[in-house]
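Structural overview
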Amino acid sequence: MTKEKKLWMTLVGVLVVTFTIFGFFGREVYRQAPPIPEKIVSENGETIFTKSDIETGQMVWQSMGGQQVGSIWGHGAYQAPDWSADWLHRELVTVLNFRSQKAFGVDFDSLNDSQKASLKAGLEKDYKENTYNSATENLVISEERVKAIEVVSGHYLSLFGNTPELQDLRENYAIQENIIPSLERREKMMAFFYWASWACATNRPNQDVTYTNNWPHEELIGNVPTTANLFWSIISIIILLIGIGSLVWYLSFKKKEDEETVAPKTDPFDNFKLTPSMKALWKYCFVIIALFLVQVFLGAALAHYTVEGQEFYGIALAEFLPYSLARTWHLQTALFWIATSFLTAGLFLAPVINGGKDPKFQKLGVNILFGALLVVVGGSLTGEYFAIHQKLDLEWSFLIGHQGYEYIDLGRVWQIGLFTGLLVWLSLMLNAIVPALKKNEQGRSLLILFTLSATAIGLFYGAGFFYGAKTHLSVMEYWRWWVVHLWVEGFFEVFATVALAFIFTKLGLINPKSAVRSALASTSIFLVGGIPGTFHHLYFSGTPIAITAVGACFSALEVVPLLLIGLEAKETLAMRDKVAWMQKYASPIKFFIGVAFWNLVGAGIFGFLINPPIALYYMQGLNTTAVHAHAATFGVYGLLSLGLVLLVLRRLQPQGVWKESLVTVSFWSMNIGLGLMIGLSLLPIGLMQTWASVETGLWFARSSEFLQTDIIETLRWMRLIGDAVFIYGVLVLAYFVVGLKFGWSFVESHSPKTKVKGKLAFQK
């Protein structure tokens with residue numbers, strides 16, 4: 001059996017085993033999700049909330065932005081509180097004050113330590129006891145808790161309205177005035193918030209652990225890390241060390257088997273004439289950069305909202321662009337431009353795969369897809385605006401407005417539109433690939449792998465259709481991470497790896513056999529941890545302990561392939577220096593090397609910082625998550641996307657010498673700016689929040705009392721330095737890309753522009 005066949009069998013085995021694990025334990029997410037009672041009733045039989053109230057409340061929460069306004073079970077935005085942790089703490093304090101007043105005539109804070117301990121012991125027993133009756137599907141709560149619900153609900157009803165007394169708190173939370181004008185909607189949302197907090201405090205039947213695995217840390221009822229949480233954290237570190245040791249051992253004894261490739265004297269891509277569909281990709285590149293610009297400026301507004309929650313330097317911006325909408329658009333535009341860059345790279349390679357000519361109707365398909373993408377982008381952003389401003393009915397809000405979940409915020413109709421666009425893209429890719437596959441030529445295996453990765457991109461986004469507006473939150477999180485982790489973090493990276501291998505093969509810089517072996521091995525190593533490792537996002541989302549075990553062990557393996565980053569960067573750099581003509585690809589290669597660095601730092605170091613269950617127990621929902629998100633999303637996928645765009649642009653205009661200094665300034669400004677943003681602001685704030693979370697509780701780490709302290713305010717202002725440097729780099733890049741069309745981004749003596757009737761035009 002050849003080495004290549006063994007690698008194919010390994011990849012197939014990895015996919016079968018890992019998806020079996022992922023599917024089997026996904027079934028457990030369904031089976032063991034916290035129950036939603038048909039009724040929540042008092043001991044006197046009074047109905048407090050119904051299942052319909054909870055589900056409608058969930059839809060109200062979605063309509064106002066959902067995970068873009070604070071968080072539930074740790075998933076969401078970082079400025080406002082985690083509502084499940086905040087509600088739980090407020091309710092516990094209220095009940096303790098009731099009992100303290102009854103027993104001692106004073107509030108709980110006025111008691112001595114002995115008195116406090118006795119009251120807390122009784123509170124823990126009462127709250128951990130599970131009073132849900134699976135036969136009647138009713139949840140019975142004490143009259144005392146009913147009164148506490150009234151107190152906490154009163155606070156939230158005022159907070160989400162426009163009560164003047166809470167205006168300062170709304171500003172601290174970056175919540176606009178009257179965010180939910182309808183009192184009826186606010187009352188329904190209280191049912192959803194209460195249920196989410198109930199799951200955090202109540203033990204599973206016959207177990208000494210809550211539905212959320214004792215998350216969040218809450219000292220008042222003894223919510224502390226479980227034994228399983230600590231145990232699997234230790235095991236995950238051991239597995240990581242074993243993985244690292246095994247990889248180092250393998251590399252130390254690996255024999256070099258591949259023949260050295262003799263690079264061609266001229267650029268092989270120069271032999272390919274630009275096809276009509278290739279030329280049609282100019283507009284894709286410009287839209288990518290435009291969306292990137294929009295996303296960056298939205299990010300700047302978000303950063304400012306952390307210090308001035310309803311205004312932008314005195315301008316009442318929140319009336320039109322509240323924090324929740326700005327954050328929604330910030331994440332959505334990021335997803336749009338990054339995904340579009342991958343689609344653009346694929347569409348550019350399609351004619352190359354087809355022997356240098358367009359398949360039938362390829363240009364028409366490219367143009368139709370472009371129009372469809374514009375409709376989806378424009379429609380989804382508009383729908384989110386109307387949903388967050390509460391201009392839509394709840395049913396229509398989910399369909400055409402805002403789904404309420406990070407990264408898949410766009411309404412279901414636009415989600416279907418995007419999926420349809422991906423299927424159109426896949427058909428365009430297969431239109432070029434299938435004829436090439438029929439030819440039994442060298443590199444066919446690499447083309448098969450490229451086809452499979454393109455198919456995965458086209459189809460796996462469809463996982464987002466397996467939940468609806470009223471789907472249980474635990475189940476929704478399971479499917480959401482299919483999209484966010486598997487589709488974006490998984491198969492996009494596989495596609496990029498294979499696409500780059502294909503490009504370097506076509507350039508004659510690496511041997512096709514070597515390329516396919518390397519791509520197969522990298523894909524297997526990455527997916528063996530990446531697929532079941534998705535569960536590390538679900539430790540505390542109402543899932544059983546088994547999810548923690550699987551997620552911790554497999555996600556530790558995700559870090560192992562990052563040890564190869566140095567070799568990857570070295571090999572990529574070697575491509576640039578292999579032959580003189582490769583210097584014209586210096587700009588995209590610079591970005592690919594940057595990807596290698598941030599893959600190690602952003603995905604590796606900052607990812608593992610929050611990866612073990614014990615770490616995430618205290619850090620989930622804090623700025624430590626934002627550190628990983630920014631460093632990995634832009635540092636890895638953003639730079640990779642920009643590198644692909646620059647590669648396409650270089651081939652769309654092969655003549656002329658680029659002003660590499662512009663790209664260099666842009667590259668270093670964005671990377672240094674990202675580093676300063678993290679080092680001066682996000683990371684220090686996240687670590688301080690972690691200390692507060694460990695010492696006091698998550699509710700405190702996310703509270704306005706903590707986040708509005710002078711030192712936190714100063715650190716937030718410090719982010720301005722990194723943001724300014726980063727934005728400068730983005731503006732320089734935009735200037736450079738536009739200059740490719742109008743000529744100013746070329747060295748003058750080699751400019752490809754010619755004058756035609758007094759105007760600039762590209763040579764045909």
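It should be emphasised that the depicted structure is a prediction, and the values quoted were computed from it without experimental measurement. (Residues numbered from 1 in each chain as written. Predicted model: local features only at pLDDT ≥ 70, side-chain atom pairs only at ≥ 80, totals over all residues. Heavy atoms only, no water.)

**Digging into the side chain of glutamate 713**
The following threshold applies: Only DSSP runs of H or I covering at least 4 residues are called helices, and only runs of E covering at least 2 are called strands; the numbering of each starts at the N terminus. The contact rule is simple, with two residues in contact once any of their heavy atoms fall within 4.5 Å.
Counting through the fold element by element, glutamate 713 comes out in helix α26 (residues 710-742). The residues touching glutamate 713, leaving out its near neighbours within four places in the chain, are Thr306, Val307, Leu707 and Gln708.

**As for the packing of aromatic side chains**
To be explicit about the condition: Two aromatic rings, drawn from Phe, Tyr or Trp (for Trp, its six-membered ring), form a pair once their centres lie within 6.5 Å of each other, and the interplanar angle then sorts them: stacked below 30 degrees, edge-to-face above 60, tilted otherwise. Buried, partly exposed and exposed residues are distinguished by accessible area as a fraction of the type maximum, computed with a 1.4 Å probe on protein chains only: under 20%, between the cut-offs, and over 50%, respectively. The rule is short: NZ of Lys or CZ of Arg within 6 Å of the ring centre and within 35 degrees of the ring normal puts a charge over the ring.
Applying the stated rule across the entire model yields 61 aromatic pairs. Residues tryptophan 658 and phenylalanine 736 carry aromatic rings whose centres are separated by 5.1 Å and whose planes lie at 80° to one another, so their mutual orientation is edge-to-face. With tryptophan 658 in the loop between α22 (623-652) and α23 (660-695) and phenylalanine 736 in helix α26, the pair connects residues that are 78 residues apart, well separated along the chain. The burial state of tryptophan 658 is the same as that of phenylalanine 736; both residues are buried. On the numbers, 5.2 Å between centres and 80° between planes, the contact of phenylalanine 667 with tryptophan 668 is edge-to-face. Stacked on the ring of tyrosine 127, the Lys or Arg arginine 145 has its end atom at 3.8 Å from the ring centre.

**Side note on the sheet that holds strand β2 (residues 47-50)**
Basically, it comes down to this: Should DSSP find at least two bridges between two strands, the strands are taken to pair. In this analysis an axis means a line fitted to C-alpha atoms, helices contributing only their contacting stretch, and an angle means the value between N-to-C directions, from 0 to 180 degrees.
If you trace the 4 strands from one edge of the open sheet to the other, you get β2-β1-β6-β5, paired in mixed fashion. Lying at the two open borders of the sheet, with one neighbouring strand each, are β2 and β5 (132-133). In this sheet, β2 lies alongside strand β1 (residues 39-42) in antiparallel orientation, the contact comprising 3 bridges. By the bridge assignment, lysine 39 is partnered in β2 with threonine 50. The sheet contacts of helix α2 (residues 51-63) involve β1 and β2, and relative to β2 the element is tilted by about 50°. On top of the sheet, helix α5 (residues 143-159) reaches β1, β2 and β6 (138-141); it is set at about 90° to β6, its chief contact.

**Overview of a nonpolar patch on the surface**
Applicable threshold: Here, patches come from residues exposed beyond 30% relative accessible area and free of salt bridges, joined within 9 Å for like charges and within 5 Å for nonpolar side chains (Val, Leu, Ile, Met, Phe, Trp, Tyr). Computed by Shrake-Rupley with a 1.4 Å probe, the accessible areas treat only the displayed protein chains as cover when residues are assessed. Any carboxyl oxygen of Asp or Glu that lies within 4 Å of a side-chain nitrogen of Lys or Arg is treated as forming a salt bridge with it.
Together, Tyr735, Val738, Phe742 and Trp744 make up a nonpolar patch on the protein surface, roughly 370 Å² of accessible area in all. Within the secondary structure layout, tryptophan 744 lies in the loop between α26 and β7 (753-756).

**Quick notes on the nonpolar core**
The test is simple: As used here, the term nonpolar core means buried Ala, Val, Leu, Ile, Met, Phe, Trp, Tyr and Cys residues forming a set that is joined through side-chain atoms within 4.5 Å.
By size, the foremost hydrophobic cluster in this structure holds 244 residues, and its most contacted members are Trp83 and Phe160. The element best represented in this core is helix α16 (residues 473-506), accounting for 24 residues. Dropping the residues within four chain positions of it, phenylalanine 160 is found in contact with Met64, Trp83, Ile175, Asn178, Ile179, Ile180, Arg186, Met189, Met190 and Phe193.

**Some points on the packing of helix α11 (residues 323-353) against helix α14 (residues 412-437)**
Applied cut-off: Every angle not falling under 35 degrees, over 145, or within 65 to 115 is termed oblique; those three ranges are roughly parallel, roughly antiparallel and roughly perpendicular. Left-handed describes a crossing whose near helix is turned anticlockwise from the far helix through less than a right angle; right-handed describes the clockwise counterpart.
The interhelical angle for the contact between α11 and α14, taken along N-to-C directions, is 20°, at an axis separation of 8 Å. Taken as axis vectors, α11 and α14 run roughly parallel relative to one another. Seen from above, α11 lies across α14 with left-handed handedness. Of the residues in α14, those in contact with Phe336, Phe342, Leu343, Gly346, Leu347, Ala350 and Ile353 of α11 are Leu418, Leu422, Trp425, Leu428, Met429, Ala432, Ile433 and Ala436.

**Details of the pairing of β6**
Within a regular strand, the side chains alternate between the two sheet faces. Sheet analysis places β1 next to β6, joined by 4 bridges and oriented parallel. Looking at the pairing, lysine 39 lines up with asparagine 138 of β6. Where β5 lies against β6, 2 bridges are found, and the strand directions are antiparallel. Each residue of the ladder has a partner; that of asparagine 133, found in β6, is asparagine 138. In this structure, the hairpin formed by β5 and β6 is closed by a connection of 4 residues, where glutamate 137 is found at a positive phi of approximately 60°.

**Focus on the confidence of the model for the protein**
What counts, and what does not: Scored from 0 to 100, pLDDT records how confident the predictor is in each individual residue.
Confidence along the protein averages 91 in pLDDT terms, with 95% of residues attaining 70 or more. Here residues 754-764 is modelled with pLDDT under 50, and outside its nearest four sequence neighbours on either side it reaches 17 contacts, counting other chains as well.

**Details of the pattern of salt bridges**
Oppositely charged side chains may form a pair once their charged atoms are brought near each other. The full count for this structure, using the stated rule, is 17 salt bridges. Its salt-bridge partner being lysine 584, residue aspartate 267 comes within 3.2 Å of it at the nearest N-O pair. With aspartate 267 in the loop between α8 (227-253) and α9 (276-279) and lysine 584 in the loop between α19 (565-578) and α20 (586-609), this residue pair connects regions lying 317 residues apart in the sequence. On the basis of relative accessibility, which here comes to 19%, the residue lysine 584 falls in the buried class. Residues aspartate 270 and lysine 584 are paired through a salt bridge, measuring 3.4 Å at the closest nitrogen-oxygen approach. Within this pair, whereas aspartate 270 is found in the loop between α8 and α9, its partner lysine 584 is found in the loop between α19 and α20, the two being separated by 314 residues in sequence. Beyond isolated ion pairs, a larger network of salt bridges with shared partners links Asp267, Asp270, Lys584 and Arg651.

**Examining the packing of α22 against α26**
Stated formally: Residues were grouped as follows: Ala, Val, Leu, Ile, Met, Phe, Trp, Tyr, Cys and Pro as nonpolar; Asp, Glu, Lys and Arg as charged; and all remaining residues, including Gly, as polar.
Interhelical geometry of α22 versus α26 gives an angle of 15° and a closest axis separation of 12 Å. The orientation of α22 relative to α26 falls into the category roughly parallel. For the pair α22 and α26, the crossing hand works out as left-handed. Taking contact as the criterion, the partners of His630, Phe634, Leu642, Leu646 and Leu649 in α22 are, on α26, Arg719, Phe726, Leu733, Phe736, Val737 and Leu740. Across the contact of α22 with α26, the residue classes tally to 9 nonpolar, 1 polar and 1 charged.

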